[in-house]
Amino acid sequence: MRNRLLAGAMALALVGCGQKAPDRSSSEASPPALAEAADAAGGPDVAVTAAPGVAFNYQYTFRLDDDRIARVQEEHAAACEALGIARCRITGMSYRLVREHEVEGQLQFKLDPAIARRFGKDAIASVEKAEGVLALASISGEDVGTQISDSQRRSAGIADEVARIEARLRQSGLGDRERTEIQQQIAELRQQMGSERDTRRAGEALLATTPMTFDYQGTGGLPGIGYGNPFREAATVLVRSGGTLLSFVLVVGAAVLPWALLFAFLLFLWRTAPAVRVRQWLGGRRTADAAAAAE
């Protein structure tokens, strides 16, 4: 059964926890690359011991300048290696150039549950030291302890049933057909017991290690400015404003141009018509004067 354990674990801590179990990731066990400023790191402060029998899964998303992602990834990987494979193992890694100067990355770990919370806090501290931010922190979990207890009870019930049937099988006077049916029934019950045993082993494996995933997202930020790039944002706003202005001009031009052409044509006619009449009047006067002179 999966549940959201952030609120549940805090409630358990308030109700049932008088003391916290000692954290095995003491200052001596923390890698030097991540130990600084660990107490100042943000993120949820949920201890594994607050919910015994729960298999946790940690997921963190970090945002920082693209050119710093590789270095922070290397710090986190080195911190895991410093703990030894018995307490921390890297199970996956990716580094991808999405677009020019834009980077994404990921690291996946399997951790000793006792040090998982401290390892995550130290990782957050190292990201903040690189002028990055924690964008997302998610702690989910599965109540494996209850599943193991239920499986144990089912196995005990099956074992009692097998013992009862085997006792019946040892009785005399059973026919061959009945004996065969009882043996098949016992085989099916033993198969169920094996399935329950596999379920418990899988649950115990989940409790033995804690998965943790670090996602790294670049922001195109500039050194000294942080995770934002004001120049890129200003350029984006400029392009959008220019596009809006061009679109407005084209729309207005398309609406006004036909009327402007009509107005220009009418104005042309109005200006040219009087000139034609004047030339005609002048021509008539000259003809009249020439006729008068001839007489």
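Cut-offs used in this document
Residues numbered from 1 in each chain as written. Predicted model: local features only at pLDDT ≥ 70, side-chain atom pairs only at ≥ 80, totals over all residues. Heavy atoms only, no water. Helix = DSSP H or I, 4+ residues; strand = E, 2+ residues; numbered from the N terminus. Contact = heavy atoms within 4.5 Å. Areas by Shrake-Rupley, 256 points an atom, 1.4 Å probe, with all protein chains shown as cover. pLDDT = per-residue confidence, 0-100. Polar contact = N/O pair within 3.5 Å; in protein donor to acceptor, adjacent residues only side chain to side chain. Patch = residues over 30% accessible without salt bridge, like charges linked within 9 Å, V, L, I, M, F, W, Y side chains within 5 Å. Salt bridge = Lys/Arg side-chain N within 4 Å of Asp/Glu carboxyl O. Phe/Tyr/Trp six-rings, centres within 6.5 Å; stacked < 30°, edge-to-face > 60°. Buried < 20%, exposed > 50% of the residue type's maximum accessible area, 1.4 Å probe, protein only.

Visitor: So what exactly am I meant to see when it comes to the overall build of the chain here?
Guide: Counting its secondary structure elements, the chain contains 7 helices and 6 strands. Tracing the chain from N to C terminus, the helices and strands come up as β-α-α-β-α-β-β-α-β-α-α-β-α. Contacts spanning at least 24 positions in sequence make up 79% of the contacts within the chain whose residues lie at least 6 apart. Surface exposure of the chain reaches about 18900 Å², of which carbon and sulfur atoms provide 58%.

Visitor: So what exactly am I meant to see when it comes to the confidence of the model for the chain here?
Guide: It should be kept in mind that the predicted coordinates are not to be read in detail where pLDDT is low. Per-residue confidence for the chain averages 77 on the pLDDT scale, and 71% of its residues sit at or above 70. Of all helices and strands in the chain, the one with the weakest mean pLDDT is helix H1 (residues 5-16) (37), whereas helix H3 (residues 69-83) scores best (95). The model gives residues 1-41 a pLDDT under 50, and that stretch makes 65 contacts with residues more than four places away or in other chains.

Visitor: Quick question: what am I supposed to make of the side chain of Ser155 here?
Guide: Its location among the elements puts Ser155 in helix H5 (residues 144-169). Within the structure, Ser155 has its side chain in polar contact with the side chain of Arg200 (distance 2.6 Å). If we skip the residues at most four places from it in the chain, Ser155 touches Met193, Glu196 and Arg200.

Visitor: Please clarify how a nonpolar patch on the surface should be interpreted in this entry.
Guide: On the surface, Trp259, Leu262, Phe265, Leu266, Phe268 and Leu269 cluster together to form a nonpolar patch covering roughly 670 Å² of accessible area. Turning to its location among the elements, Phe268 is positioned in helix H7 (residues 230-294).

Visitor: Teacher, can you tell me more about the packing of aromatic side chains here?
Guide: For any two aromatic rings, the description comes down to two numbers: the centre-to-centre distance and the angle of the planes. Scanning all chains against the criterion turns up 9 aromatic pairs. Each ring, one from Phe62 and one from Tyr216, has its centre 5.9 Å from the other, and the planes form 40°; the classification is tilted. With a gap of 154 residues between them, Phe62 in strand S2 (residues 55-64) and Tyr216 in strand S6 (residues 210-218) connect regions that are remote in the sequence. For Tyr216, a relative accessible area of 1% corresponds to the buried category. Taken together, a centroid distance of 5.3 Å and an interplanar angle of 70° make the contact between Phe109 and Phe119 edge-to-face. A residue pair is termed long-range when its members are at least 10 positions apart, and Phe109 in strand S4 (residues 102-111) and Phe119 in helix H4 (residues 113-129) qualify at 10 residues. Like Phe119, Phe109 is buried.

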